[in-house]
Protein chains: 2
Amino acid sequence: MPDPDRDRPDLGAMIVRFGRALIAAERPVLAAHDVSMWGYAVLSALADEPMRTQAALARAIGADKTRIIGILDELQERALIEREPDPEDRRVRLLRLTPAGRHLYASVRAEIHAAEERLLGGLTLADKGVFLRVLQQLSHEPD
Amino acid sequence: MPDPDRDRPDLGAMIVRFGRALIAAERPVLAAHDVSMWGYAVLSALADEPMRTQAALARAIGADKTRIIGILDELQERALIEREPDPEDRRVRLLRLTPAGRHLYASVRAEIHAAEERLLGGLTLADKGVFLRVLQQLSHEPD
DNA sequence: TATTGTTATACTCTATAACTATA
DNA sequence: TATAGTTATAGAGTATAACAATA
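Residues numbered from 1 in each chain as written. Chains lettered and ligands numbered in written order. Predicted model: local features only at pLDDT ≥ 70, side-chain atom pairs only at ≥ 80, totals over all residues. Heavy atoms only, no water.

Tell me what's going on with the relation of the copies chain A and chain B, and back it up with residues and numbers.
Note on the copies: chain A fits chain B at an RMSD of 0.0 Å, the axial shift is 0.0 Å, and the rotation between them is 180°. Taken together, these values place the two copies in the relation of a two-fold axis. Closest approach to the rotation axis within chain A is made by the C-alpha atom of Phe131(A), at a distance of 2.7 Å. Mapped onto chain B, 100% of the interface residues of chain A again fall at the interface, so both copies present the same surface. (Least-squares fit on C-alpha atoms with pLDDT ≥ 70 in both. Contact = heavy atoms within 4.5 Å.)

Let's hear about the pattern of salt bridges: which residues, and what values?
When the charged atoms of two side chains lie near each other, side chains of opposite charge can form a pair. Here the structure, examined in full by the defined rule, presents 20 salt bridges over all chains. The shortest N-O distance in the salt bridge between Arg8(A) and Glu117(B) comes to 3.0 Å. Here Arg8(A) is found in the segment before α1 (11-32), whereas its partner Glu117(B) is found in helix α5 (residues 99-119) on a different chain. In this structure, Arg8(A) and Glu117(B) share a single accessibility class: buried. Taken together, the shared-partner salt bridges connect Arg8(A), Glu116(B), Glu117(B) and Lys128(B) into one network. (Salt bridge = Lys/Arg side-chain N within 4 Å of Asp/Glu carboxyl O. Helix = DSSP H or I, 4+ residues; strand = E, 2+ residues; numbered from the N terminus. Buried < 20%, exposed > 50% of the residue type's maximum accessible area, 1.4 Å probe, protein only.)

Help me get a handle on helix α6 (residues 125-139) of chain A, residues and values and all.
With 15 residues, α6(A) ought to run about 21 Å at 1.5 Å a step, and its terminal C-alpha atoms sit 21 Å apart, in line with that. All of the buried residues along α6(A) are Asp127(A), Lys128(A), Val130(A), Phe131(A), Leu132(A), Val134(A), Leu135(A), Leu138(A) and Ser139(A). Next to the buried residues of α6(A) lie α1 and α5 (99-119) of chain A together with α1 (11-32), α5 and α6 (125-139) of chain B. (Expected span 1.5 Å × (residues − 1).)

Break down the protein's contact with DNA strand D for me, with residues and values.
In the vicinity of DNA strand D there are 17 residues, among which Gln54(A), Ala55(A), Arg91(A), Arg67(B) and Arg90(B) approach most closely. Each atom of DNA strand D within 4 Å of the protein was assigned to sugar, phosphate or base; sugar and phosphate come to 67%. Interatomic distance of 2.5 Å between a side-chain N/O atom of Gln54(A) and a phosphate oxygen of DNA strand D. In this structure, a phosphate oxygen belonging to DNA strand D sits 3.2 Å away from a side-chain N or O atom of Arg83(A). Only α3 (54-60) and β2 (89-97) of chain A together with β2 (89-97) of chain B provide two or more residues apiece to the surface near DNA strand D. Within the surface near DNA strand D, the residues separate by chemical class into four nonpolar, four polar and nine charged. (Near = heavy atom within 4 Å. Polar contact = N/O pair within 3.5 Å; in protein donor to acceptor, adjacent residues only side chain to side chain. Nonpolar A, V, L, I, M, F, W, Y, C, P; charged D, E, K, R; others polar.)

Let's hear about unusual backbone geometry: which residues, and what values?
For Asp34(A), which is not glycine, the phi torsion reads 55° and is therefore positive. Structurally, Asp34(A) is set in the loop between α1 and α2 (37-48). The phi torsion at Ala79(B) lies on the positive side, around 60°, for a residue other than glycine. In this fold, Ala79(B) is placed in the loop between α4 (68-77) and β1 (81-86). In this structure Ala79(B) comes out as partly exposed when scored by relative accessible area, which is 40%.

Written as structure tokens, this is what we have:
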């Protein structure tokens, strides 16, 4: 049976190229709100659901637990997140967005969404629908 | 007009997650052949067409010109590429794969292809076709 | 003077291990 | 002793600038 995709470019190469275009499109949005990529990832994860430990948050966004500390420090200093010791186990830090954090996240997310939509602007509606659905499926496969 | 994709996950987040899965799947293949990610990118670019300058090659794979030097050194040492001064302008280095380089590249690419196909294994043929076509389109948009 | 390739330097990002405070 | 979080250190990866050879 012949393979119709035999001569397609590497999937990896295509993902990297498109990923770079995405980052380039999103960087100015994040910069305008003075939020780093990791900071945005943290806001996004906490917007989905508050977390009971920093380790769980790190795992959720695919980062090392030592790497998010500085990010949490800054977000807390700007009063975008709350980080308080759990009274029942004072080793763990309960993490959640403040109203200000939720508000900022909503703004940034809307602008990022708009930038992404511009990148997808050349697609037909049918293609766009399939692409997003498939990508969602592929990105949720187990590590 | 309502937006049916309003609540989709961030495109960037999905691309990053899928990109990580791809890298994880391809890393053992590259390691088995003792080729780095950048080394593979170089082999791939030169397999498409020989290049007249290292700067052009760097641009083609989205790397800095200073960063590919060590990679070219190693590939040359292993006799996978040829790098000779252009007689007509001795500043530039003509770059091309050796037969051994072309052979190694074909092997690695076939295995990477197979690994990628496994990741896409859960898709219907129609979805896979649309996904690859759209991704190809999106990855070729101007920077 | 401009360009190709190279080397040197510094800077950022990331991972590992050691430390503290709680349990 | 085990765990959550933190700090310190070192390593990899990357970018910038200075340099050598050639045009």
